[in-house]
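# Breakdown of the fold
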Amino acid sequence: MRIGLVCPYAWDRVGGVQSHIRSLAAALRRRGHEVQVFAPTTLGREGLAEPGVTIVGGAVGIPINGSVASLSFGPTAAARVHRALEDFGPQVLHVHEPLIPSLSFLALMSTDIPAVGTFHASAEGSVGYLAFKPVLELAAKRLAVRTTVSEAARELVARYFPGDYVLTPNGVDHARYASAAPADLGPGPTILFLSRIERRKGLEVLIRAVAQLGAGRVSLVVAGSGPEESYCRRLARRVGVPVRWLGRIPDADVPGVYRAADIYCAPALGGESFGIVLLEAMAAGAPVVCSDLPGFRSVAGGAACMVPPGDPAALAGALRAALADDERRKEMSRMGSRLAEIFDWR
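Here is a short report on the structure shown in this document. Quantities reported herein were computed from a predicted structural model and do not represent experimental measurements. (Residues numbered from 1 in each chain as written. Predicted model: local features only at pLDDT ≥ 70, side-chain atom pairs only at ≥ 80, totals over all residues. Heavy atoms only, no water.)

Relative to each other, helix α11 (residues 276–283) and helix α14 (residues 326–342) sit at 120°, their axes nearing to 7 Å. Comparing the axis directions of α11 and α14 gives the class oblique. Crossing geometry of α11 relative to α14 is assigned as left-handed. From α11, Leu279, Met282 and Ala283 reach across to α14, where they touch Gly336, Ser337, Leu339 and Ala340. Taken together, the residues that form the contact of α11 with α14 break down as 5 nonpolar, 2 polar and no charged. (Axes fitted to C-alpha atoms, helices over the stretch in contact; angles between N-to-C directions. Helix = DSSP H or I, 4+ residues; strand = E, 2+ residues; numbered from the N terminus. Parallel < 35°, antiparallel > 145°, perpendicular 65-115°, else oblique. Left-handed = near helix turned anticlockwise from the far one by under 90°. Contact = heavy atoms within 4.5 Å. Nonpolar A, V, L, I, M, F, W, Y, C, P; charged D, E, K, R; others polar.)

Structure follows, in structure tokens:
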């Protein structure tokens, strides 16, 4: 079957939706389907294509849900995605975040191909959904199937657009992470932060927590980039926390980085509907310490150590306890790996 997957966000940016689509495309191809991804990219990088991906125009940053999403919209983007879909001729269209003003919405409105819509976002509410509800209801009615990645995501979209939503969690290629060779993250016990560096991801909280562990007790490794990076670098210097800044790492290197970590920490402050990074880390065998958020709890509850979001002292206590107990970390690793297997694409 020919399947078109449409990503609303810039393909060259790090994000849970991009990670989900990349992993889903690989899983579908392993089952013998012909899959093409359609996505925008950051303005000026339109020529950076890869096999199985059609880049459809440039994207600009728009503030959404405490983050900055790189979206592509307008008549030119609509015409480009329409032509690209006609050239590929999918039998099924799978649009992600179909009701935000970007490529997924434009693709859905430009074709009558049977469409699946997957909703990823979680938040207390949506001003956009409320303001544009009449138009968005027409788009929602074009979806043959509606899915959400978590109960938290379903609660948000169903509040504005009631209907039947199938729960389809994010998947993970367990073997890819479990069998990776550990990267070299340097000496000493390592705490890994691998995410986009923006306020809601909580790196500031983690830096303040590590400062409470004492100088030289642990190595903090940060993989990723984002608008809060300069501030976090200054904060780390000010509070005396040495950090190894890896920048954005290639997707092929991600499993090995997880595998090398003594602890993976996700100190997010909110806005997390699922937490695919937790699945990836657990599949790689990394013990997980994370914020106690509904989206995280639904994925890692029972395997991860969870702490109140935004509380450096509580986070420091959890990290200190895990670092001091080798057997506890081994048990967290085993439990996490078993839990991640449940979410394997098979």
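So much for the structure itself; the text now carries on.
Burial analysis of strand β10 (residues 219–223) places 5 of its 5 residues in the buried class, the great majority of the element. In β10, alternate side chains face the same way, and those of Ser219, Val221 and Ala223 on one face and Leu220 and Val222 on the other are all buried. Pairing of strand β9 (residues 190–194) with β10 involves 5 bridges; the strand directions are parallel. Within β10, the residue paired with Phe193 across the bridge is Val222. One ladder, built from 4 bridges, connects β10 with strand β11 (residues 243–247); its direction is parallel. Across the sheet, residue Val222 finds its bridge partner in β11, namely Trp245. On the question of chirality, the crossover connecting β10 to the parallel β11 by way of helix α9 (residues 229–239) is right-handed. (Buried < 20%, exposed > 50% of the residue type's maximum accessible area, 1.4 Å probe, protein only. Pairing = 2+ DSSP bridges. Right-handed = clockwise from strand over helix to strand, strands pointing away.)

Formed by 38 residues in total, the largest nonpolar core has its most connected members in Leu194, Tyr258, Tyr264, Leu278 and Met282. With 6 residues, α11 is the single largest residue contributor to this core. The residues touching Met282, leaving out its near neighbours within four places in the chain, are Val288, Val299, Ala300, Ala303, Gly336, Ser337, Leu339 and Ala340. (Core = buried A, V, L, I, M, F, W, Y, C linked by side-chain atoms within 4.5 Å.)

Next up on the list: the pattern of salt bridges. Evaluated as defined, the whole model comprises 14 salt bridges. Two residues, Asp173 and Arg30, come together in a salt bridge whose shortest N-O distance is 3.8 Å. Taken as a pair, Asp173 in the loop between β8 (166–167) and α7 (174–178) and Arg30 in helix α1 (residues 16–30) lie far apart in primary sequence, 143 residues in all. Residue classification places Asp173 among the partly exposed residues on the basis of a relative accessible area of 22%. Its relative accessible area of 53% is what places Arg30 among the exposed residues. In this structure, Asp326 engages Arg329 in a salt bridge whose closest nitrogen and oxygen atoms are separated by 2.8 Å. Placement of both Asp326 and Arg329 in helix α14 is noted, with a separation of 3 residues, approximately one turn of the helix. Residue classification places Asp326 among the partly exposed residues on the basis of a relative accessible area of 45%. Salt bridges linked by common partners bring Arg196, Glu198, Arg200, Lys201 and Glu272 together as one network. (Salt bridge = Lys/Arg side-chain N within 4 Å of Asp/Glu carboxyl O.)

This part covers empty space enclosed by the protein. Scanning all chains against the criterion turns up 1 cavity of 30 Å³ or more. Considering the residues around the largest cavity, the lining is formed by Val205, Pro267, Ser291, Val307, Pro308, Pro309, Gly310, Asp311 and Leu315. Classifying every residue of the lining of the largest cavity by side-chain character gives 6 nonpolar, 2 polar and 1 charged. (1 Å grid on protein atoms, 1.4 Å probe; cavity = no way out; pocket = protein on both sides within 12 Å on 5 of 7 lines; lining within 4 Å. Points joined across faces, edges and corners; volume = space filled by probe spheres on them.)

What follows deals with the layout of surface pockets. Considering only enclosed or pocket space, the second largest pocket measures out at about 320 Å³ in volume. The wall of the second largest pocket is formed by 21 residues, among which His20, Leu24, His94, Thr168 and Trp345 lie closest to the centre. Breaking the lining of the second largest pocket down by element, the ones donating at least two residues are β1 (2–6), α1, β5 (92–96), β6 (115–119) and β7 (145–148). For the lining of the second largest pocket, the element with the most residues is α1, which contributes 3 residues. For the lining of the second largest pocket, the class distribution of residues is 13 nonpolar, 7 polar and 1 charged.

Moving on to the environment of Val6. Relative to the helices and strands, Val6 resides in strand β1. Relative accessible area serves as the criterion here: at 0%, Val6 is assigned to the buried category. Considered as a pair, Val6 and Ala223 are 217 residues apart in the sequence and their alpha carbons are 27 Å apart. Among residues more than four places away in sequence, those in contact with Val6 are Ile21, Phe38, Leu93, His94, Val95, His96, Leu103, Ser104 and Ala107.

This part covers the pairing of β1. Extensive coverage of β1 is indicated by the burial of 4 of its 5 residues. Pairing of β1 with strand β2 (residues 34–42) involves 5 bridges; the strand directions are parallel. Looking at the pairing, Ile3 lines up with Val35 of β2. Inspection of the sheet shows β1 paired to β5 by 4 bridges, in the parallel sense. Bridge pairing links Gly4 to Leu93 in β5.

In this section: the side chain of Thr147. By the secondary structure assignment, Thr147 is in strand β7. When near neighbours in sequence (up to four residues on either side) are disregarded, Thr147 contacts Val116, Gly117, Thr118, Phe119, Val166 and Thr168.

The next subject is the packing of helix α8 (residues 203–211) against α9. Orientation of α8 relative to α9, taken along the N-to-C sense of each, is 10°, at an axis distance of 10 Å. Considered as vectors, α8 and α9 are oriented roughly parallel to each other. In this structure, α8 contributes Leu203, Glu204, Ile207, Arg208 and Ala211 to the contact, and α9 contributes Tyr231, Cys232, Leu235, Ala236, Arg238 and Val239. Of the residues contributing to the contact of α8 with α9, the split by class is 8 nonpolar, no polar and 3 charged.

It is worth stressing that arrangement in space is one thing and function is another; only the former is reported here.
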